[in-house]
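Spelled out from the first residue to the last, the chains are:
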Amino acid sequence: MVYAIEPAPSPTSFHELFVRHYERVKALLEAVRSAGLVILAFDESSGDLAGSICLEAREGRPRALIVGRHSEVDLPLPARGELSLRHLAVVLTQGDAADEVRFSVLDLRTRGAFYDEAGRRLEAVTAEGPIFLSCGGYQLFFLPSQTQDCWPDDAEDGWLCIP
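Residues numbered from 1 in each chain as written. Predicted model: local features only at pLDDT ≥ 70, side-chain atom pairs only at ≥ 80, totals over all residues. Heavy atoms only, no water.

Even after reading the chapter, I still don't get the environment of Leu83, so can you show me in this structure?
As for its position among the elements, Leu83 is in the loop between strand 4 (75-76) and strand 5 (88-94). In this structure Leu83 comes out as buried when scored by relative accessible area, which is 1%. Considered as a pair, Leu83 and Cys135 are 52 residues apart in the sequence and their alpha carbons are 7.1 Å apart. Those residues in contact with Leu83 that lie beyond four places of it in its chain are Gly68, Arg69, Leu77, Pro78, Cys135, Gly136 and Tyr138. (Helix = DSSP H or I, 4+ residues; strand = E, 2+ residues; numbered from the N terminus. Buried < 20%, exposed > 50% of the residue type's maximum accessible area, 1.4 Å probe, protein only. Contact = heavy atoms within 4.5 Å.)

What is the right way to look at the side chain of His21 in this model?
Counting through the fold element by element, His21 comes out in the loop between helix 1 (11-20) and helix 2 (22-31). If near-sequence neighbours (up to four positions away) are discounted, His21 is found in contact with Phe42, Gly47, Asp48 and Leu49.

Explain unusual backbone geometry to me, please; I cannot follow it from the model alone.
Excluding glycine, residues mostly carry a negative phi; peptide bonds, for their part, are mostly trans. For Arg109, which is not glycine, the phi dihedral falls at a positive 60 degrees. Inspection of the secondary structure puts Arg109 in the loop between strand 6 (101-107) and strand 7 (114-115). With a relative accessible area of 81%, Arg109 lands in the exposed category. At Ala113, a residue that is not glycine, the phi angle is positive and equals roughly 50 degrees. Within the secondary structure, Ala113 is located in the loop between strand 6 and strand 7. Looking at Ala113, the relative accessible area reads 0%, which means it is buried.

Got a minute to help me understand the nonpolar core in this structure?
Generally speaking, a soluble globular protein has its nonpolar side chains buried in company with each other. Counting 25 residues, the largest nonpolar core has Phe103, Val105 and Phe142 as the members making the most contacts within it. Among all residues touching Val105, those that are not within four sequence positions of it are Leu88, Ala89, Val90, Phe114, Glu123, Ala124, Val125, Ile131, Leu133 and Phe142. Within the second largest apolar cluster, 16 residues are counted, among which are Leu40, Phe141, Trp151 and Ile162. (Core = buried A, V, L, I, M, F, W, Y, C linked by side-chain atoms within 4.5 Å.)

What exactly am I supposed to notice about the pattern of salt bridges here?
It is possible for side chains bearing opposite charge to pair when their charged atoms get close. As enumerated under the stated definition, the model contains five salt bridges in all. Among the ionic pairs, Arg102 bridges to Glu128, the shortest N-O distance being 2.5 Å. Of this pair, Arg102 sits in strand 6 while Glu128 sits in the loop between strand 9 (124-127) and strand 10 (131-135); the two residues are 26 residues apart in sequence, bridging distant segments of the chain. Using a relative accessible area of 53% as the deciding quantity, one classes Glu128 as exposed. We note a salt bridge from Asp116 to Arg120, for which the minimum N-O separation is 2.5 Å. (Salt bridge = Lys/Arg side-chain N within 4 Å of Asp/Glu carboxyl O.)

I tried to follow the side chain of Ser145 on my own but got confused; where do I start?
Within the secondary structure, Ser145 sits in the loop between strand 11 (138-144) and helix 3 (155-160). The exposure class of Ser145 is buried, given its relative accessible area of 1%. There is a polar contact of 2.6 Å between the side chain of Ser145 and the backbone oxygen of Ser34. A polar atom in the side chain of Ser145 sits 2.9 Å from the backbone nitrogen of Gly36. Excluding residues that lie within four positions of it along the chain, Ser145 makes contacts with Leu29, Val32, Ser34, Ala35, Gly36 and Leu37. (Polar contact = N/O pair within 3.5 Å; in protein donor to acceptor, adjacent residues only side chain to side chain.)

In this structure, what is going on with the packing of aromatic side chains? I would like to understand it.
Working definition: an aromatic ring pair is given by the centre-to-centre distance plus the angle between the planes. Summed over the entire model, instances satisfying the criterion amount to nine aromatic pairs. On the basis of an interplanar angle of 50 degrees and a centroid distance of 5.4 Å, the ring pair of Phe18 and Tyr22 is categorised as tilted. Here the two residues Phe18 and Tyr22 agree in accessibility, since each one is buried. An aromatic cluster is built from Phe14, Phe18, Tyr22, Phe42, Phe132, Phe141 and Trp159, whose rings are joined through pairwise contacts. (Phe/Tyr/Trp six-rings, centres within 6.5 Å; stacked < 30°, edge-to-face > 60°.)

These values are about where atoms sit, not about what they do.
Quick look at the structure:
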């Protein structure tokens with residue numbers, strides 16, 4: 001059986017979305033006052049924000065959430081043919097310092113998996129800082145909270161703050 005694989009995104013699309021929606025991104029990150037992870041999902045076709053969620057870290061306890069198009073997942077996204085009912089699992093743990101987080105993004109055995117910023121197809125990734133992924137017709141920003149005390153007013157300067 002042959003499956004069509006979605007095309008890998010252009011790395012610049014993450015930048016363009018970040019700059020376009022910077023005020024909303026900045027407001028969400030500044031509203032979170034504890035260590036955790038802010039996830040934003042943007043529709044690849046329209047560039048509109050399709051959903052967002054914040055997962056707060058808990059000392060000594062991993063936290064998890066599911067992303068997909070099913071109405072009962074933690075971050076439900078509008079139905080698209082490429083997005084599975086339950087597409088991704090995100091597992092968050094607190095790092096050595098109280099304000100550090102580490103997280104993993106895991107494909108839930110879907111046909112398309114997900115792509116990183118360089119367009120590489122992945123089935124799992126672990127990070128301690130911001131990452132940008134694409135899957136099922138959505139661009140996903142995974143931004144740890146409390147990594148920046150004060151985000152600058154300018155969107156381009158905000159982009160430069162991301163390691």
